[in-house]
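# Results of the structural survey
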Amino acid sequence: MWFKVWTFFLSLYNFLYNSIVPCTYGELLAANQIDHQQYLGKWYFKTAVSHREDDIRIFRSLDNLWFTMEKTANDTLLLTGRSRIADDCVKQTWTYRIHPDRDDMELEGKPKRRNLLWSGKWANCPECIILQEIEPPLSPTDSKDSLARFMLYARQKDVSTDVVTAFLDNAACNDMKESVTPPQEKEFCT
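Because the structure is a prediction, the values reported are computed rather than measured.

### Regarding the pairing of strand β3 (residues 62-72)
One ladder, built from four bridges, connects strand β2 (residues 41-50) with β3; its direction is antiparallel. Considered in β3, the bridge of Y44 is made with W66. Relative to strand β4 (residues 76-85), β3 is paired through ten bridges, and the arrangement is antiparallel. Pairing of W66 across the sheet is with R82, part of β4. If you look at the hairpin formed by β3 and β4, you'll find three residues sitting between the two strands, and N74 has a positive phi there, around 55 degrees.

Here it is, written out as structure tokens:
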């Protein structure tokens, strides 16, 4: 029930905000309604944006990152990522649960985090997806979420700079001016 109210509130807020500020926003892909098969496979990290540097600091040390998305049993997605940090390769896995009554995905071990998928429309990239991560304020007196970031992923490791530029421009229009784009100068980890 809470998630339906929250989703409605976010939709209403988005509608009102966009009627005042004509920035473009992507199309939300409700995790409980999309065909997951079309999103399985390999994805390359392109850039991350946020209102605050702290939300994207973790990506500063990356040279590159890619992950594979697999569907496992019972509406669960397994993401296996490989990142290059200096000369080291780091392998990490994330398990996301898809609930029939929620439009977001639940990251195992982070039940308060909302993980939303958006179409690549925001970056003018039909072969891209955008992952949004949101965590509620740490205390009831805080007015801002404790985590709020968007990450752009593409099917190919080399995409046009126009894709990243469009994403960053649209993010800046929505007051997300902090960004990090990995240099991708070194070989991708296997």
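### Let's talk about unusual backbone geometry
Among all residues except glycine, the phi angle is most often negative; among peptide bonds, the trans geometry is most common. Non-glycine residue N124 carries a positive phi angle of around 55 degrees. Within the secondary structure layout, N124 lies in the loop between β7 (110-119) and β8 (128-135). Even without a glycine there, the phi angle at Q184 is positive, about 50 degrees. Mapping Q184 onto the fold places it in the segment after β10 (178-180).

### As for the packing of aromatic side chains
Counted by the stated rule, this structure contains seven aromatic pairs. Ring centres of Y44 and F188 lie 5.3 Å apart, and the angle between their planes is 85 degrees; on these two criteria the pair is classed as edge-to-face. Remark: F188 occurs in the segment after β10 and Y44 occurs in strand β2; sequence separation between them is 144 residues. A centroid spacing of 5.2 Å and a plane angle of 55 degrees characterise the contact between W122 and F150, whose relative ring orientation is tilted. Placement of W122 in the loop between β7 and β8 and of F150 in strand β9 (residues 147-154) is noted, with a sequence separation of 28 residues between them. According to the relative accessible area criterion, W122 is buried, its value standing at 2%. Judged by relative accessible area, which is 3%, F150 ranks as buried. Taken together through their ring pairs, the aromatic side chains of F45, F59, F67 and Y153 make up a single cluster.

Each value, and the rule that gives it
- Residues numbered from 1 in each chain as written.
- Predicted model: local features only at pLDDT ≥ 70, side-chain atom pairs only at ≥ 80, totals over all residues.
- Heavy atoms only, no water.
- Pairing = 2+ DSSP bridges.
- Helix = DSSP H or I, 4+ residues; strand = E, 2+ residues; numbered from the N terminus.
- Phe/Tyr/Trp six-rings, centres within 6.5 Å; stacked < 30°, edge-to-face > 60°.
- Buried < 20%, exposed > 50% of the residue type's maximum accessible area, 1.4 Å probe, protein only.

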